[in-house]
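Here is how the chains run, residue by residue.
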Amino acid sequence: MAAQPGTGSGRDFVTIFKTGSVDRSEYPELADLLLEGRTQLTAETSYLMKFGDESHRSLTPFDVASLHDVPAYPLPQTALNSLPTHVRAELEQNGAIQMIASYDPENHRFEEVDLAWDDQDFLERVTELIAGELSLHEAVDWIVVEEAERYTVAQWADIRDVTEDAVRSNINAAREKLLAEPE
């Protein structure tokens, strides 16, 4: 487990969460701790980051946030800006993310960033939908926007560098094919 940001070899398991997104009723100690340090955090981004190990992948971001033996660090604006668009969108939408990344503590930059999704389920579902007559774009757009609700149409269109109408068209085509009566 990395003791300080970016001191591990290679890539770290990183949890980032917005301090205001912690539910006081579920995590009272964490909420109190965050309120104490809020003045220093709000000056930059209002996000904290924790560097852990792969075993934390099974925990929710807020379970990781409540681990007392894993130090939390304020997320600098430079580090936030270095995250890819789709990762920032996920963070903005959900208030927390878990990812695998390399962190450069001197320049406050993340590199080689991958969200810690359950990729296997996603790939199996894409394969299932493609086998059921959906195109690759229809299947992926349907899953990401409709089933997983990972992104809004606008966010996903920006990530894919296509128009919102293209994403909506794929989603509508997928909906029609999925709702069509089997012959």
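Further up the page is the structure itself.
Figured I'd write up the structure that's included with this text. (Residues numbered from 1 in each chain as written. Predicted model: local features only at pLDDT ≥ 70, side-chain atom pairs only at ≥ 80, totals over all residues. Heavy atoms only, no water.)

**Overview of the overall build of the chain**
Thought 1: What the chain contains, in helices and strands, is 8 helices and 5 strands.
Thought 2: Mapped from its N terminus to its C terminus, the chain presents α and β elements in the order β-α-β-α-β-α-α-β-β-α-α-α-α.
Thought 3: Going through the 183 residues of the chain one by one, you find that 41% of them count as buried.
Thought 4: Long-range contacts, defined here as pairs at least 24 residues apart, represent 65% of the contacts in the chain between residues at least 6 apart.
Thought 5: As displayed, the chain has an accessible area near 10,200 Å², and 48% of this comes from carbon and sulfur atoms. (Helix = DSSP H or I, 4+ residues; strand = E, 2+ residues; numbered from the N terminus. Buried < 20%, exposed > 50% of the residue type's maximum accessible area, 1.4 Å probe, protein only. Contact = heavy atoms within 4.5 Å. Areas by Shrake-Rupley, 256 points an atom, 1.4 Å probe, with all protein chains shown as cover.)

**Focus on helix α7 (residues 153-160)**
Thought 1: Of all the positions in α7, only Val153, Gln155, Trp156 and Ala157 are classed as buried.
Thought 2: Where α7 terminates, the next one or two residues include Asp161, which has phi positive at roughly 60 degrees.

**A few points about the pattern of salt bridges**
Thought 1: A complete count under the given rule lists 6 salt bridges for this structure.
Thought 2: Asp141 is the partner of Arg160 in a salt bridge, and the nearest nitrogen-oxygen pair spans 2.8 Å. One end of the pair, Arg160, is in helix α7; the other, Asp141, is in helix α6 (residues 136-147), with 19 residues separating them in the sequence.
Thought 3: Asp141 sits in the buried class, given a relative accessible area of 0%.
Thought 4: Between Glu146 and Arg175 there is a salt bridge, with its nearest N and O atoms 3.4 Å apart. Here Glu146 is found in helix α6, whereas its partner Arg175 is found in helix α8 (residues 164-179), with 29 residues between them in sequence.
Thought 5: Judged by relative accessible area, Glu146 falls into the partly exposed class, the value being 32%.
Thought 6: It is possible to trace a salt-bridge network through shared partners that takes in Glu164, Asp165 and Arg168. (Salt bridge = Lys/Arg side-chain N within 4 Å of Asp/Glu carboxyl O.)

**As for the nonpolar core**
Thought 1: Grouped together as the largest cluster of nonpolar side chains are 36 residues, with contacts concentrated most on Ile16, Met49, Leu75, Leu83, Met99 and Phe110.
Thought 2: Per-element tally for this core: the top contributor is α6, with 6 residues.
Thought 3: In this view, Ile16 contacts Tyr47, Leu48, Met49, Leu75, Leu83, Leu91, Gly95, Ala96, Ile97, Met99 and Phe110; residues no more than four positions away in its chain are not counted.
Thought 4: Counting residues in each nonpolar core, the second largest holds 5 residues, with Phe17, Leu48, Ala65 and Ala96 among its members. (Core = buried A, V, L, I, M, F, W, Y, C linked by side-chain atoms within 4.5 Å.)

**Some remarks on the packing of aromatic side chains**
Thought 1: Summed over all chains, the structure comprises 4 aromatic pairs.
Thought 2: Aromatic pair Phe51 and Tyr103: ring centres 5.6 Å apart, planes at 50 degrees, arrangement tilted. Here Phe51 is found in strand β2 (residues 47-52), whereas its partner Tyr103 is found in strand β4 (residues 96-104), with 52 residues between them in sequence. Judged on exposure class, the residue Phe51 and its partner Tyr103 are both buried.
Thought 3: Here the aromatic residues Phe51, Tyr73, Tyr103 and Phe110 are joined through ring pairs into a cluster of three or more. (Phe/Tyr/Trp six-rings, centres within 6.5 Å; stacked < 30°, edge-to-face > 60°.)

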